[in-house]
Amino acid sequence: MDDGADLVSTLHKERTDLLDEIMGGTEETTTGVIRLRAMASKGVLRYPIIAVNDAMTKHLFDNRYGTGQSTIDGIVRATNTLLAGRVLVVAGYGWCSRGIALRARGMGAQVVVTEVDPLRALEAVMDGFRVLPMMEAARIGDIFVTSTGDINVIDGPHLEVMRDGAILANSGHFNVEVNIPALEAMAVEKQRIRDYVDQYTMPDGRRISLLGEGRLINLAAAEGHPASVMDMSFANQALCAEHIAKNAGNLHNDVYSVPEEIDKEVARLKLHAMGITIDTLTPEQKRYLESWEEGT
Ligand SMILES: NC(=O)c1ccc[n+]([C@@H]2O[C@H](COP(=O)([O-])OP(=O)(O)OC[C@H]3O[C@@H](n4cnc5c(N)ncnc54)[C@H](O)[C@@H]3O)[C@@H](O)[C@H]2O)c1
């Protein structure tokens, strides 16, 4: 059971002696799944893995609402900054970043989104967010949050034009989304002004604060996601582990999506736990939805 493919990487590089005994594995997060798919396509993955992140009951909820809430929580706990009326730039409009954008807007921030994918950018526009290239957003942002799974999303040229007092936070899996070496090289002074807040002073006197050393801010300065959203992720993990155990002989050394029946079962169980009941198709409705002759 992995989160970010670190365990897989260690097993494939340093403990290859253990690989033959491994029946299969599961992966929790987007960044891990990207790495595993790269390994599978190069033919180097040595055991089957189920990409738990692919489950609807994982990324629609944990990534969006979990990361959305806990990222804001981390930023606020670290800085006690007011979001209302501030320009908050969210890098990416994936599952995590759209949750962050949604929650920040709810707290009164003017949210700007940056993207590289035209479809996601269009979605952000139609969800009512301002979409700009990072080079333009960098000039106007008060608070920046990255959650792309990518590298150097906030880079040297962006740091050059940021406003005095800009706050940088990352919620993507690794601390590479802000180019920290560039920030360190540009700054003439670095001071820890409070827990989780390193303030860098630029040669022209501008101050830029990096939160939680650029690591996942919701884990660095807050408590991660609430249990009431992680329950679905971990239910997927558990049911996928069972699925691997039951189907060990039939799986190849590849990355598999979570079986749809597991995803649906997790949703059903979550609704049940929340005390919410829904309707069931009547035989008449089922027949209607399955036919092509009626209703034309
Ligand atoms: N903080 C947490 O607790 C937590 C929880 C779940 C996932 N994650 C991590 O957050 C990251 C994002 O996950 P996700 O599920 O939202 O991924 P996603 O694939 O749904 O979204 C990522 C988005 O970033 C965009 N992007 C890539 N490079 C960019 C760039 N240079 N500028 C602007 N946008 C760019 C992509 O086009 C995509 O739309 C991953 O690293 C994931 O592992 C963190």
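Note that the coordinates shown come from a computational prediction; the quantities given were computed from them, not determined experimentally.

### Description of the overall build of the protein
From N to C terminus, the protein includes 12 helices and 11 strands. Principal axes of the C-alpha set define a box for the protein whose edges measure 70 × 60 × 35 Å. Taken over 296 residues, the protein has a buried fraction of 46%. The long-range share in the protein, meaning contacts at least 24 apart out of those at least 6 apart in sequence, stands at 65%. Put simply, the protein shows about 15500 Å² of open surface, and 54% of that area lies on carbon and sulfur atoms. Once the 29 positive and 42 negative side-chain charges of the protein are each reduced to a mean point, those two points are 4 Å apart.

### Considerations on the pattern of salt bridges
Under the counting rule described, the total for this entry stands at 21 salt bridges. Between Lys-190 and Glu-184 there is a salt bridge, with the nearest N and O atoms lying 3.1 Å from each other. Note on Lys-190: relative accessible area 45%, which makes it partly exposed. Residue class for Glu-184 comes out partly exposed when judged on its relative accessible area of 38%. Counted as one network, the salt bridges with shared partners bring together Arg-192, Asp-198, Glu-213 and Arg-215.

### Structural notes on the sheet that holds strand S5 (residues 130-131)
Taken in spatial order, the 8 strands line up as S5-S4-S3-S6-S7-S10-S9-S8 in an open sheet, and their pairing is mixed. A single partner strand is all that each edge strand has here, and the edge strands are S5 and strand S8 (189-194). As judged from the 4 bridges shared by strand S3 (residues 87-91) and strand S6 (residues 143-146), these two strands associate in the parallel manner. Note on S6: the bridge partner recorded for Ala-91 is Thr-146.

### Some remarks on the nonpolar core
One finds Met-134, Phe-144, Ile-154, Leu-159, Met-162, Leu-168 and Leu-183 to be the most contacted residues of the largest nonpolar core, which totals 24 residues. When contributions to this core are tallied by element, the ones reaching two or more residues are S3, helix H6 (134-140), strand S7 (166-170), helix H8 (180-186) and strand S10 (207-211).

### Some remarks on helix H1 (residues 6-13)
When H1 is considered as a whole, its buried residues turn out to be Val-8, Leu-11 and His-12. Each buried residue of H1 lies within a common arc of 95 degrees when the element is viewed along its axis, so the set occupies one face.

### Observations regarding helix H5 (residues 118-126)
Looking at where H5 begins, the residue whose side-chain oxygen comes 2.8 Å from the main-chain nitrogen of Leu-119 is Asp-117. Downstream of H5 by a residue or two, Gly-128 has a phi angle that is positive, lying close to 95 degrees.

### Here we look at the sheet that holds strand S11 (residues 255-257)
The sheet built from 3 strands is open, its strands ordered S1-S2-S11 with parallel pairing. At either margin of the open sheet sits one strand with a lone partner, and together these are strand S1 (25-27) and S11. Neighbour to neighbour, the strand axes of the sheet diverge by 35 degrees on average, direction disregarded. For S1 and strand S2 (residues 49-51), the ladder comprises 3 bridges, and the chain directions are parallel. In the strand pairing of S2, Gly-25 is matched with Ile-49.

### Some remarks on the packing of aromatic side chains
Within the structure shown, the criterion is met by 2 aromatic pairs. Relative to Tyr-65, the ring of Phe-61 has its centre 6.3 Å away and its plane inclined at 45 degrees; by these criteria the two rings are tilted. On the criterion of helical spacing, the pair formed by Phe-61 and Tyr-65 is a turn pair, its members being 4 residues apart in helix H3 (residues 56-79). A cation sits over an aromatic face here: Arg-98 above Trp-95, 4.4 Å from the ring centre. The ring of Phe-129 has Arg-105 sitting right over it, with the charged end atom 4.1 Å from the ring centre.

### Brief notes about a nonpolar patch on the surface
A grouping of Leu-122, Val-125 and Met-126 is seen on the molecular surface, where their side chains present a nonpolar patch of about 320 Å² in accessible area. Counting through the fold element by element, Val-125 comes out in helix H5.

### Considering the site of the ligand
Near the ligand lie 25 residues; those nearest to it are Thr-29, Thr-30, Thr-31, Glu-115 and Asn-218. Thr-30 is positioned with one of its side-chain polar atoms (N or O) 2.6 Å from an oxygen atom of the ligand. A distance of 3.0 Å separates an oxygen atom of the ligand from a polar atom in the backbone of His-173. Protein coverage of the free-state accessible area of the ligand, which is 870 Å², stands at 87%. For the shell around the ligand, the secondary-structure elements that each account for two or more residues are helix H2 (30-41), H3 and helix H4 (95-106). Residues that form the shell around the ligand fall into these classes: 5 nonpolar, 16 polar and 4 charged.

Definitions and cut-offs
- Residues numbered from 1 in each chain as written.
- Predicted model: local features only at pLDDT ≥ 70, side-chain atom pairs only at ≥ 80, totals over all residues.
- Heavy atoms only, no water.
- Helix = DSSP H or I, 4+ residues; strand = E, 2+ residues; numbered from the N terminus.
- Buried < 20%, exposed > 50% of the residue type's maximum accessible area, 1.4 Å probe, protein only.
- Contact = heavy atoms within 4.5 Å.
- Areas by Shrake-Rupley, 256 points an atom, 1.4 Å probe, with all protein chains shown as cover.
- Lys, Arg positive; Asp, Glu negative; His and termini not counted.
- Charge placed at Lys NZ, Arg CZ, Asp CG, Glu CD.
- Salt bridge = Lys/Arg side-chain N within 4 Å of Asp/Glu carboxyl O.
- Pairing = 2+ DSSP bridges.
- Core = buried A, V, L, I, M, F, W, Y, C linked by side-chain atoms within 4.5 Å.
- Arc of directions from axis to C-beta.
- Polar contact = N/O pair within 3.5 Å; in protein donor to acceptor, adjacent residues only side chain to side chain.
- Axes fitted to C-alpha atoms, helices over the stretch in contact; angles between N-to-C directions.
- Phe/Tyr/Trp six-rings, centres within 6.5 Å; stacked < 30°, edge-to-face > 60°.
- Lys NZ or Arg CZ within 6 Å of the ring centre and 35° of its normal.
- Patch = residues over 30% accessible without salt bridge, like charges linked within 9 Å, V, L, I, M, F, W, Y side chains within 5 Å.
- Near = heavy atom within 4 Å.
- Nonpolar A, V, L, I, M, F, W, Y, C, P; charged D, E, K, R; others polar.

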